[in-house]
Amino acid sequence: MQIANNTVVSFHYKLEEVGGDYREDSSDGDPVLYLHGHRGVLPGLEDAMKGKVAGDTFTVQVSPEEAYGLRNEEAMQRVPIKHLVGGKKPAVGELVMVNTETRKINATVVKVGRHTVDVDTNHPLAGKGLKFDIEVVDVREATMEEVAHRHAHGPGGHQH
Ligand code: ZN
């Protein structure tokens, strides 16, 4: 069966940041499961999956726009340390959560002062090109329930 809208795809991937050090590898765990056609994976990856069948392996390079988006330089903020979840002084490079009036946001610490920290609230992979090595493990028809929920069910997907 070919990957098309409303098929459920399970796959293994190796992810490499283009020109950087970030790596992910799914091969230690279950394959990842997603419902095709509902943006369950990055747009650039989903587009490359179309038409593939179980057993196919391929490499796709995804631009920042088709991955986690471009960096927003206005996403840098100075916040009081007491507004960080945990309230402790972090180190440069540390990932922290910032309490805002309405929600918690993830951020990376870029500078630490006495009472404040400068944080970058861009996604850590914003502005990065990504290279994926993909192995399609299985392709099946989605159930009506999965289509209604707009995600895949089972190990590697949503479990509820
Ligand atoms: Zn569901």
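Residues numbered from 1 in each chain as written. Predicted model: local features only at pLDDT ≥ 70, side-chain atom pairs only at ≥ 80, totals over all residues. Heavy atoms only, no water.

1. Focus: the sheet that holds strand β5 (residues 76–80)
Here comes step 1: Pairing is antiparallel across the open sheet formed by four strands, whose spatial order is β5-β8-β7-β6. Each having just a single partner strand, β5 and β6 (95–99) make up the two edges of the open sheet. Ignoring strand direction, the axes of neighbouring strands in this sheet form an average angle of 50°.
Here comes step 2: Alignment of β6 against strand β7 (residues 104–112), held across five bridges, turns out to be antiparallel. When the bridges of β7 are listed, N99 appears paired with K104. (Pairing = 2+ DSSP bridges. Helix = DSSP H or I, 4+ residues; strand = E, 2+ residues; numbered from the N terminus. Axes fitted to C-alpha atoms, helices over the stretch in contact; angles between N-to-C directions.)

2. Observations regarding the pairing of strand β4 (residues 57–62)
Here comes step 1: Taking every second residue as pointing to the same face, the buried face of β4 carries F58, V60 and V62, while none of T57, T59 and Q61 on the other face is buried.
Here comes step 2: Across six bridges, β4 lies against strand β9 (residues 130–141) in antiparallel orientation. Along β9, the bridge assignment pairs F58 with I134. (Buried < 20%, exposed > 50% of the residue type's maximum accessible area, 1.4 Å probe, protein only.)

3. Remarks on the nonpolar core
Here comes step 1: In terms of nonpolar packing, the biggest core is built from 21 residues, with F11, L45, M49, F132, I134 and V136 touching the most fellow members.
Here comes step 2: Every element with two or more residues in this core is listed here: β1 (7–17), α1 (43–49), β4 and β9.
Here comes step 3: A total of five residues in this core trace back to one element, the largest contributor, which is β9.
Here comes step 4: When sequence neighbours within four positions are dropped, the list of residues in contact with L45 reads F11, V60, V62, F132 and I134. (Core = buried A, V, L, I, M, F, W, Y, C linked by side-chain atoms within 4.5 Å. Contact = heavy atoms within 4.5 Å.)

4. Structural notes on the environment of H38
Here comes step 1: Mapped onto the fold, H38 is located in the loop between β3 (32–35) and α1.
Here comes step 2: The spacing of H38 and G156 is 118 residues in sequence and 16 Å in space, taken between C-alpha atoms.
Here comes step 3: Not counting chain neighbours up to four residues away, the residues in contact with H38 comprise N6, E46 and R150.

5. Remarks on the domain arrangement of the protein chain
Here comes step 1: Here the protein chain is described as being made up of domain 1 (7–68 + 125–149) and domain 2 (73–120).
Here comes step 2: For domain 1 and domain 2, the distance between their C-alpha centroids amounts to 31 Å. (Domains from an automatic or database assignment.)

6. Observations regarding the environment of D21
Here comes step 1: In this structure, D21 sits in the loop between β1 and β2 (23–25).
Here comes step 2: Each C-alpha atom, one on D21 and one on M49, is 25 Å from the other, the two residues being 28 residues apart in sequence.

7. Details of the pairing of β1
Here comes step 1: When you tally the buried positions in β1, you get nine out of eleven residues, the bulk of the element.
Here comes step 2: With eleven bridges connecting them, β1 and β9 associate as antiparallel partners. Each bridged residue has a counterpart across the sheet, and for L15 the counterpart in β9 is F132.
Here comes step 3: Sheet topology places β1 next to β2; three bridges connect them, and they run antiparallel. Directly across from K14, in β2, lies its bridge partner D25.

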